[in-house]
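The primary structure of each chain is shown beneath.
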Amino acid sequence: MKLPVPTVNYLKLRPSNLISKEFRHLLLLLFWPVFGALFYITELYLPVEFYYPMHCALDDLIPFCEWFLIPYLLWFPFLVGMHLYTLLYDLETFRRMMGYIILTYSVTLLIYWLFPTCQELRPEAFARENVLTSIVAGYYAFDTNTNVCPSLHVIGSLAVMEASLYAPTIQQKWVRCAFVLCAIAISLSTVFMKQHSAIDIFAALPICFVGHLLFLRKKRP
């Protein structure tokens, strides 16, 4: 994919001109540290007995598969990469994607406060021992099993996918298909990694639909 010409020269960025018309879109990035701090507080101070375990019959039919660690971790460069791309080449899509993210993530955080959830789906022992299961075990130890419904992994993935379909700078069909497949793979990885219940995926969809209607509904010419 041939990259377009950058629309902003960030070498000119100074603290004094951050709120200028050319650079004030960067202020939208302040949402991330604010959200991170609020999410951390939610994780830290909500009593364990308040959490409701998420589970459905479909979860029992989905086996653990360590290979889904790869698309699960792909979520991070997927999200960051789209931020960087739109910051450089498509500010309108960046603004709309950030609006989508700010709305959907804020609603999700509010749900975590009002209806705290957890999952108890992680395997007690792995059927196989390999590099991937070792990494998964480390990830389990690092990441809590709380505040899971709706899934932020799914919401973030769909935000990037929708932005890719909205952006006029992304015209190649194979690139758009790649974004869609990545979003699907990342979403599926949450249940095969036993990080989420299938309920968490379905709960994310209506929230994303509202974000779609408000920010990324009509494709730009």
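Reading the values: rules and limits
Residues numbered from 1 in each chain as written. Predicted model: local features only at pLDDT ≥ 70, side-chain atom pairs only at ≥ 80, totals over all residues. Heavy atoms only, no water. Axes fitted to C-alpha atoms, helices over the stretch in contact; angles between N-to-C directions. Helix = DSSP H or I, 4+ residues; strand = E, 2+ residues; numbered from the N terminus. Parallel < 35°, antiparallel > 145°, perpendicular 65-115°, else oblique. Left-handed = near helix turned anticlockwise from the far one by under 90°. Contact = heavy atoms within 4.5 Å. Disulfide = S-S within 2.5 Å. Salt bridge = Lys/Arg side-chain N within 4 Å of Asp/Glu carboxyl O. Buried < 20%, exposed > 50% of the residue type's maximum accessible area, 1.4 Å probe, protein only. Phe/Tyr/Trp six-rings, centres within 6.5 Å; stacked < 30°, edge-to-face > 60°. Core = buried A, V, L, I, M, F, W, Y, C linked by side-chain atoms within 4.5 Å. Expected span 1.5 Å × (residues − 1). Nonpolar A, V, L, I, M, F, W, Y, C, P; charged D, E, K, R; others polar.

Student: Explain the packing of helix α4 (residues 91–114) against helix α8 (residues 198–215) to me, and be specific about the residues and the numbers.
Tutor: One can describe the packing of α4 onto α8 by two numbers: an axis separation of 9 Å at closest approach and a directional angle of 150°. Between α4 and α8, the interaxial angle falls into the category roughly antiparallel. Both α4 and α8 take part in a crossing whose hand is right-handed. Counted together, Arg96, Gly99, Tyr100, Leu103, Thr104, Val107, Thr108 and Ile111 of α4 and Ile207, Cys208, Val210, Gly211, His212, Leu214 and Phe215 of α8 form the full contact between these two elements.

Student: Which residues make up the state of the cysteines, and what values do they have?
Tutor: Under the definition given, this model contains 0 disulfides. In this structure Cys65 is not part of a disulfide, and its nearest cysteine sulfur, from Cys182, lies 17 Å away. With no disulfide partner, Cys118 has as its closest neighbouring cysteine sulfur the one in Cys149, 11 Å distant.

Student: I'd like a description of the pattern of salt bridges, backed by residues and values.
Tutor: All chains considered together, the criterion is met by 3 salt bridges. With its nearest N and O atoms 4.0 Å apart, the salt bridge here joins Arg95 to Glu92. You can see Arg95 and its partner Glu92 sitting in helix α4, 3 residues apart, about one turn around the helix. On the basis of relative accessible area, Arg95 is assigned to the partly exposed category, the value being 36%. Judged by its relative accessible area of 30%, Glu92 falls in the partly exposed class. The partner of Glu92 in a salt bridge is Arg96, with the nearest N and O atoms 2.7 Å apart. Linking Glu92 with Arg96, this pair stays in helix α4, spanning 4 residues, or about one helical turn.

Student: Describe the environment of Ile207, naming the residues involved and giving the relevant values.
Tutor: If you trace the backbone, Ile207 turns up in helix α8. Taking relative accessible area as the criterion, Ile207 reaches 13% and is therefore assigned buried. Expressed as a C-alpha distance, the spacing of Ile207 and Leu103, which sit 104 residues apart in the sequence, is 8.8 Å. Not counting residues within four places of it along the chain, the set of residues in contact with Ile207 comprises Thr104, Val107, Thr108, Ile111, Pro150 and Ile155.

Student: Go over the packing of aromatic side chains with me, naming the residues and quoting the values.
Tutor: The geometry of an aromatic ring pair is captured by two quantities: the separation of the ring centres and the angle between the planes. Under the defined criterion, the tally for this structure stands at 15 aromatic pairs. Note on Phe68 and Phe192: the rings are 4.3 Å apart at their centroids and 10° apart in plane angle, and the pair reads as stacked. Of the two residues, Phe68 is situated in the loop between α2 (57–61) and α3 (69–89) and Phe192 in helix α7 (residues 173–192); the sequence distance between them amounts to 124 residues. Residue class for Phe68 comes out partly exposed when judged on its relative accessible area of 21%. Centre to centre, the rings of Tyr139 and Phe142 are 6.3 Å apart; their planes meet at 65°, and the pair counts as edge-to-face.

Student: Provide a residue-level description of the nonpolar core, including the pertinent values.
Tutor: The biggest cluster of nonpolar side chains holds 44 residues, and the ones touching the most others in it are Met82, Ile101, Tyr105, Leu158, Ile170 and Phe179. Counting residues per element, the ones that place at least two in this core are α1 (31–45), α3, α4, α6 (152–166), α7 and α8. Other than its neighbours up to four places away in sequence, Leu158 contacts Tyr100, Ala183, Leu205 and Cys208. Listed in part, the 9 residues of the second largest apolar core include Phe64, Leu69, Tyr72 and Met193.

Student: Just give me the short version of α8, but keep the residues and values in it.
Tutor: Between its terminal C-alpha atoms α8 stretches 26 Å, which fits the 26 Å expected from 18 residues at 1.5 Å a residue. As for α8, its buried residues are in contact with α2, α4, α6 and α7.

Student: Run through the side chain of Asn147, naming residues and quoting values.
Tutor: Looking at the secondary structure, you find Asn147 in the loop between α5 (131–142) and α6. Taking the relative accessible area as the measure of exposure, Asn147 reaches 5% and is therefore buried.

Student: Can you tell me about the packing of α6 against α8, naming the residues and giving the values?
Tutor: Two numbers describe how α6 lies on α8: the axes approach to 9 Å, and their chain directions differ by 35°. Where α6 crosses over α8, the two elements pack in a sense that is right-handed. Facing Val154, Ile155, Leu158, Glu162 and Tyr166 of α6, the residues of α8 in contact are Ile201, Ala204, Leu205, Ile207, Cys208, His212 and Phe215. Its residues assigned to classes, the contact of α6 with α8 shows 10 nonpolar, 1 polar and 1 charged.

Such coordinate-based values are descriptive only and should not be taken to indicate function.
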